[in-house]
Amino acid sequence: MSGETSAMEQTRFADGPVAPRIRTALGAVLIGVVGLLGLTAVVLTARHGSILPIDRAAHTWSLHHRPAALVTVARVVTATGTGVFPYAAAVAAGLTAGRDIRHRLAYAAGALAFLLLGQALRFGLMETIGRPRPAVGDWATHASGFAFPSGHATTSALMAGLLVAAIGHRARLRRARAAGSGRSIGTAAVAVLLGCWAAAVGMSRVLLGVHWVTDVVAGWLFAAVWLGLGAALIRTALPAHRR
């Protein structure tokens, strides 16, 4: 009887933080949805009229503050937010999170599907809104398609979120095996670095003249919504002992 009680207590202890984490994820979703809807409404209102003041100011500033060396760095940074790299990183995130081969393969497939579905939804939103990019003469790199929301900003934020979640999950597994507690400073540092990288990718699009700043902000908000929904779904659908 005491063994059963102990097992029940351990299960409750493992599942205890789930509810707060779900609330946090849903809070991020709510904030992201409100912000994205508000920004979309503003962009749609101004689509056939004048450029938004914040967009004009940021675009003008970037045109006058981008020496050749900075443009070169921005091109390198922006290249990491597209192509094969984000999808390889999603697979790597899944492989990192799993505690055994079966879980790693399942997580890798899930992370890749999560990123692909998010991209499909973003593309649908972009095509529906159809916001033009800045004038081609202002571009300092190649770009295609409509502007809102920024694909690079969305992709890099999603990739950073997946990697942070995977590394954090892996750290929790290690602490559980070692019966430890507390948070890893290393994990927090990696999370900060990934967040800075995602922000740099987004801002590089403005600096290179291919996006308005509100395109980038919309990409970040979209990523926050999608990551929050994903986190809430995982926490709700999978009990702690299966994650």
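Up top is the structure these notes are about.
The sections below set out a description of the structure shown in this document. (Residues numbered from 1 in each chain as written. Predicted model: local features only at pLDDT ≥ 70, side-chain atom pairs only at ≥ 80, totals over all residues. Heavy atoms only, no water.)

Looking at the pattern of salt bridges
In step 1: Under the criterion given, the structure shown has 2 salt bridges.
In step 2: Of the charged contacts in the structure, one is a salt bridge between aspartate 55 and arginine 131, with a shortest N-O distance of 2.6 Å. Taken together, the positions of aspartate 55 in helix H3 (residues 53-64) and arginine 131 in the loop between helix H6 (101-129) and helix H7 (151-177) put the pair 76 residues apart, joining distant regions of the chain. Assigned by exposure class, aspartate 55 and arginine 131 land together as buried.
In step 3: Notably, a salt bridge pairs aspartate 215 with arginine 131, separated by 2.6 Å at the nearest N-O pair. Taken together, the residues span a long stretch of sequence, with aspartate 215 in helix H9 (residues 213-237) and arginine 131 in the loop between H6 and H7 at a distance of 84 residues. Across the pair, exposure class does not vary: aspartate 215 and arginine 131 are buried alike.
In step 4: Salt bridges sharing common partners tie together Asp55, Arg131 and Asp215. (Salt bridge = Lys/Arg side-chain N within 4 Å of Asp/Glu carboxyl O. Helix = DSSP H or I, 4+ residues; strand = E, 2+ residues; numbered from the N terminus. Buried < 20%, exposed > 50% of the residue type's maximum accessible area, 1.4 Å probe, protein only.)

Observations concerning the environment of leucine 70
In step 1: Inspection of the secondary structure puts leucine 70 in helix H4 (residues 68-79).
In step 2: According to the relative accessible area criterion, leucine 70 is partly exposed, its value standing at 35%.
In step 3: For leucine 70, the residues in contact, after removing those within four places along its chain, are His65 and Leu207. (Contact = heavy atoms within 4.5 Å.)

Observations concerning the packing of helix H5 (residues 84-97) against H6
In step 1: In the contact formed by H5 and H6, the axes pass within 7 Å of each other and the chain directions differ by 145°. In this structure, H5 crosses over H6, and the sense of that crossing is right-handed. Across the interface between the two elements, Pro86, Tyr87, Ala90, Val91, Gly94, Leu95 and Ala97 of H5 pack against Arg104, Tyr107, Ala108, Ala111, Leu112, Leu115, Leu116 and Gln119 of H6.
In step 2: Here the contact of H5 with H6 is composed, by residue class, of 12 nonpolar, 2 polar and 1 charged. (Axes fitted to C-alpha atoms, helices over the stretch in contact; angles between N-to-C directions. Left-handed = near helix turned anticlockwise from the far one by under 90°. Nonpolar A, V, L, I, M, F, W, Y, C, P; charged D, E, K, R; others polar.)

Structural notes on H6
In step 1: The end-to-end C-alpha distance of H6 is 42 Å, a good match for the 42 Å that 29 residues give at a rise of 1.5 Å each.
In step 2: Residues of H6 that are buried include every one of His103, Tyr107, Ala108, Ala111, Phe114, Leu115, Gly118, Gln119, Arg122, Met126 and Ile129, and no others.
In step 3: Two or three places before arginine 102, at the opening of H6, aspartate 100 has a side-chain oxygen 3.3 Å from that residue's backbone nitrogen.
In step 4: Phi for glycine 130, located one or two positions after H6, is positive at around 65°. (Expected span 1.5 Å × (residues − 1). Polar contact = N/O pair within 3.5 Å; in protein donor to acceptor, adjacent residues only side chain to side chain.)

Some words on the packing of aromatic side chains
In step 1: Counted according to the given criterion, the structure contains 2 aromatic pairs.
In step 2: Aromatic pair phenylalanine 85 and tryptophan 197: ring centres 6.5 Å apart, planes at 80°, arrangement edge-to-face. Highlighted residues: phenylalanine 85 in helix H5 and tryptophan 197 in helix H8 (residues 185-207), separated in sequence by 112 residues.
In step 3: Centroid distance phenylalanine 114 to tryptophan 226: 5.4 Å. Interplanar angle 20°. Geometry classified as stacked. Of this pair, phenylalanine 114 sits in helix H6 while tryptophan 226 sits in helix H9; the two residues are 112 residues apart in sequence, bridging distant segments of the chain.
In step 4: Classification of phenylalanine 114 as buried rests on a relative accessible area of 16%. (Phe/Tyr/Trp six-rings, centres within 6.5 Å; stacked < 30°, edge-to-face > 60°.)

Quick word on the nonpolar core
In step 1: Counting residues in hydrophobic clusters, the biggest one holds 21 residues, and the most contacted among them are Leu158, Leu162, Leu163 and Trp197.
In step 2: For this core, the secondary-structure elements that each account for two or more residues are H5, H6, H7, H8 and H9.
In step 3: Residue contributions to this core peak at 7 residues, all from H7.
In step 4: Those residues within four positions of leucine 158 in sequence are excluded, and the remaining contacts are Phe114, Leu115, Ala223, Trp226 and Leu227. (Core = buried A, V, L, I, M, F, W, Y, C linked by side-chain atoms within 4.5 Å.)

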